[in-house]
Amino acid sequence: APGTLRNVQVLSGVTDELAALVRSASRVAVLSGAGISAESGVPTFRESQTGLWEEFSAEDLATPEAFQHAPALVWTWYRWRQSLIQQVAPNPGHAALARWQRGMAGAGGVLSIITQNVDDLHERAGAEVLAHLHGSIFEHRCAECGKPAELPPPDYDGFTAPPEPEQPPTCACCGAFVRPGVVWFGEMLPMEAFEAASAAVRSADVVIVAGTSGIVQPAASLPLLALERGAPLIEVNPVESDISEVMDFCLRGPAGEMLPALAA
Ligand code: BV8
Ligand code: ZN
């Protein structure tokens, strides 16, 4: 929080002190962002020059207004991203969290995974996700009546440029357009997910923030809840983020390397 002087330890690897601290925790909360999927080949939103937001600004596509104004353009962007996610695989960072989560459960502890990501790579690595704060790109619902829509997986090639825009399908009930089951800018986060995430961070003995720039709210404020009980905050990010200054430890490296070292 602003004003409190915290001695952030910036580390290039897991020290014995950090390993011991993590091993002594029986409740761990992990908040993940786009950076944890970067090593799988899913572009992050802002950091890498191929980031989706560089090509398509978030204002242009990830908003209800954009879908209202250009449904085919927005719909196709999501189906194309879904194709890319289907074509890539979880990386050692996802695998380490899944292994660690099973180990914790086996020892009577808990490791809660809270993600800002709309992909399913945590699940495909074998982990349980407590909260998808921004929804899932694999879910679809009617934009008007909210009726869930089951759709066949897209068959675009996520490694080539987005194809010609296609119209979204229409709702079997009311005929309105079907939309992606994600949270757009200006939309509320799913309350039960946000509350479960807040409770998990509040009760954690250690909080790990992996692969997020800490820019998007209210997700980026979740780690601050760890300050209530003084639970140590560990950031895993190759570069400084907007929330590095509230961390106790900053592991400056890729999640695919640092999470297996932390989970060991
Ligand atoms: C809400 C789903 C309001 C869609 C997403 C000013 C104007 C307008 C709005 C606002 C404003 N100020 C604040 C807001 C609110 C807005 C917001 O926060 N805007 C930001 C841009 C400032 N928030 C909202 O609108 C939220 N809703 O506030 O509701 C309200 C209130 C009351 C009543 C009604 C309404 C909704 C936000 C959710 C938006 N949807 N996703 C989609 O996917 O298309 S967010 C989207 O961006 C992603 O899901 C992701 O969560 C986020 C990007 O953040 P990160 O995950 O951190 O990814 P990023 O690329 O930023 O960073 C990657 C990081 O990884 C980097 O730090 C990089 O260094 C690191 N990294 C790279 N490689 C690695 C790595 N780390 C580890 N290992 C590596 N290998
Ligand atoms: Zn409908």
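In this text, all values refer to a predicted model and were calculated from it rather than measured experimentally.

> Can you walk me through the coordination of the zinc ion (ligand 2) in this structure?
Coordination sphere of the zinc ion (ligand 2), protein contribution only: Cys-142 (SG), Cys-145 (SG), Cys-171 (SG) and Cys-174 (SG), at 2.2 to 2.3 Å. For the zinc ion (ligand 2), the four donor atoms in the first shell make angles of 98 to 123° at the metal, a pattern classed as tetrahedral. Sequence spacing of the donors to the zinc ion (ligand 2): C-x2-C-x25-C-x2-C. Residue Cys-145 is located in the loop between strand E5 (135-142) and strand E6 (178-182), and its partner Cys-174 is located in the loop between E5 and E6; the two are separated by 29 residues in the primary sequence. Classification of Cys-174 as partly exposed rests on a relative accessible area of 42%.

> Hey, could you run me through unusual backbone geometry in this one?
Leave glycine aside and you will find that most residues have negative phi; peptide bonds, for their part, are mostly trans. Across the junction of Gln-217 and Pro-218, the peptide omega takes the value 0°, indicating a cis bond. Mapped onto the elements, Pro-218 comes out in the loop between strand E7 (206-210) and strand E8 (233-236).

> When you look at the environment of Glu-257 in this model, what are you seeing that I'm missing?
Note on placement: Glu-257 falls in helix H10 (residues 255-263). Once the C-alpha coordinates of Glu-257 and Gly-93 are considered, the two residues, 164 residues apart in sequence, prove to be 6.9 Å apart.

> Please explain the UniProt feature "binding site: Zn(2+)" (unreviewed entry) in the chain as it appears in this structure.
Feature annotation in UniProt assigns "binding site: Zn(2+)" (unreviewed entry) to the following positions: Cys-142, Cys-145, Cys-171 and Cys-174. Spanning 33 residues, the annotated positions come together in the fold, the maximum distance between their C-alpha atoms being 8.4 Å. Its location among the elements puts Cys-171 in the loop between E5 and E6. What Cys-171 contacts, discounting residues up to four positions off in sequence, is Cys-142, Cys-145, Lys-147, Ala-176 and Val-178. With near-sequence residues (within four places) excluded, Cys-174 lies in contact with Cys-142, Glu-144 and Cys-145.

> I tried to follow the packing of aromatic side chains on my own but got confused; where do I start?
Here the distance between the centres and the angle between the planes together describe a pair of aromatic rings. Applying the stated criterion to the full structure yields four aromatic pairs. Between the aromatic rings of Trp-77 and Tyr-78, the centroid separation amounts to 5.0 Å while the plane-to-plane angle is 70°, which identifies the pairing as edge-to-face. For Trp-77, a relative accessible area of 2% translates into the label buried. The class of Tyr-78 is buried, set by a relative accessible area of 5%. Here the aromatic cluster, defined as three or more aromatic residues joined through ring pairs, consists of Phe-67, Trp-77, Tyr-78, Phe-177 and Trp-184.

> Is there a simple way to explain the pattern of salt bridges in this structure?
Pairing of side chains with opposite charge becomes possible as their charged atoms draw close. Going through the model one piece at a time under the given rule, you end up with six salt bridges. The salt bridge partner of Arg-202 is Glu-228, with a shortest N-O separation of 2.9 Å. Taken as a pair, Arg-202 in helix H9 (residues 191-202) and Glu-228 in the loop between E7 and E8 lie far apart in primary sequence, 26 residues in all. Here Arg-229 and Asp-205 are joined by a salt bridge, their closest N and O atoms 3.8 Å apart. Residue Arg-229 is found in the loop between E7 and E8, and its partner Asp-205 is found in the loop between H9 and E7; the two are separated by 24 residues along the sequence. Its relative accessible area of 46% is what places Arg-229 among the partly exposed residues. Look at Asp-205 and you get partly exposed, because its relative accessible area is 22%. Each of Arg-27, Asp-205 and Arg-229 takes part in one network of salt bridges that share partners.

> So what exactly am I meant to see when it comes to the nonpolar core here?
One recurring pattern in soluble globular proteins: nonpolar side chains tend to sit buried together. Counting 28 residues, the largest nonpolar core has Trp-100, Ile-208, Ile-234, Val-236, Leu-259 and Leu-262 as its most contacted members. Contributing elements (two or more residues each) for this core: helix H1 (16-23), strand E2 (27-32), helix H7 (92-106), strand E3 (110-115), E7, E8, strand E9 (249-251) and H10. Here Leu-259 is in contact with Ile-36, Gly-93, Ala-96, Leu-97, Ile-208, Ala-210 and Val-236, once residues within four sequence places are set aside. Formed by 25 residues, the second largest nonpolar core is a distinct cluster that contains Ala-29, Ile-114, Ala-226 and Ala-231.

> Help me understand the sheet that holds E7 in this model?
Working definition: the strands of a sheet are paired by backbone hydrogen bonds and lie parallel or antiparallel to each other. One open sheet accounts for seven strands, arranged E1-E9-E8-E7-E2-E3-E4; its pairing is parallel. With partners counted over all chains shown, the strands left at the sheet margins are strand E1 (9-11) and strand E4 (131-132), one partner each. Inspection of the sheet shows E2 paired to E3 by six bridges, in the parallel sense. Bridge pairing in E3 places Arg-27 opposite Val-110. H9 contacts E2, E3, E4 and E7 of the sheet and is inclined by roughly 135° relative to E3. Packed on one face of the sheet, H10 meets E7, E8 and E9 and runs near 145° to E8.

Calculation criteria
- Residues numbered from 1 in each chain as written.
- Chains lettered and ligands numbered in written order.
- Predicted model: local features only at pLDDT ≥ 70, side-chain atom pairs only at ≥ 80, totals over all residues.
- Heavy atoms only, no water.
- Donors = N, O, S within 2.8 Å, 3.2 Å for Na, K, Ca; no water.
- Tetrahedral: all angles 85-135°; square planar, octahedral: opposite > 155°, others 65-115°.
- Helix = DSSP H or I, 4+ residues; strand = E, 2+ residues; numbered from the N terminus.
- Buried < 20%, exposed > 50% of the residue type's maximum accessible area, 1.4 Å probe, protein only.
- UniProt positions renumbered as here; feature names shortened; annotations may be inferred.
- Contact = heavy atoms within 4.5 Å.
- Phe/Tyr/Trp six-rings, centres within 6.5 Å; stacked < 30°, edge-to-face > 60°.
- Salt bridge = Lys/Arg side-chain N within 4 Å of Asp/Glu carboxyl O.
- Core = buried A, V, L, I, M, F, W, Y, C linked by side-chain atoms within 4.5 Å.
- Pairing = 2+ DSSP bridges.
- Axes fitted to C-alpha atoms, helices over the stretch in contact; angles between N-to-C directions.

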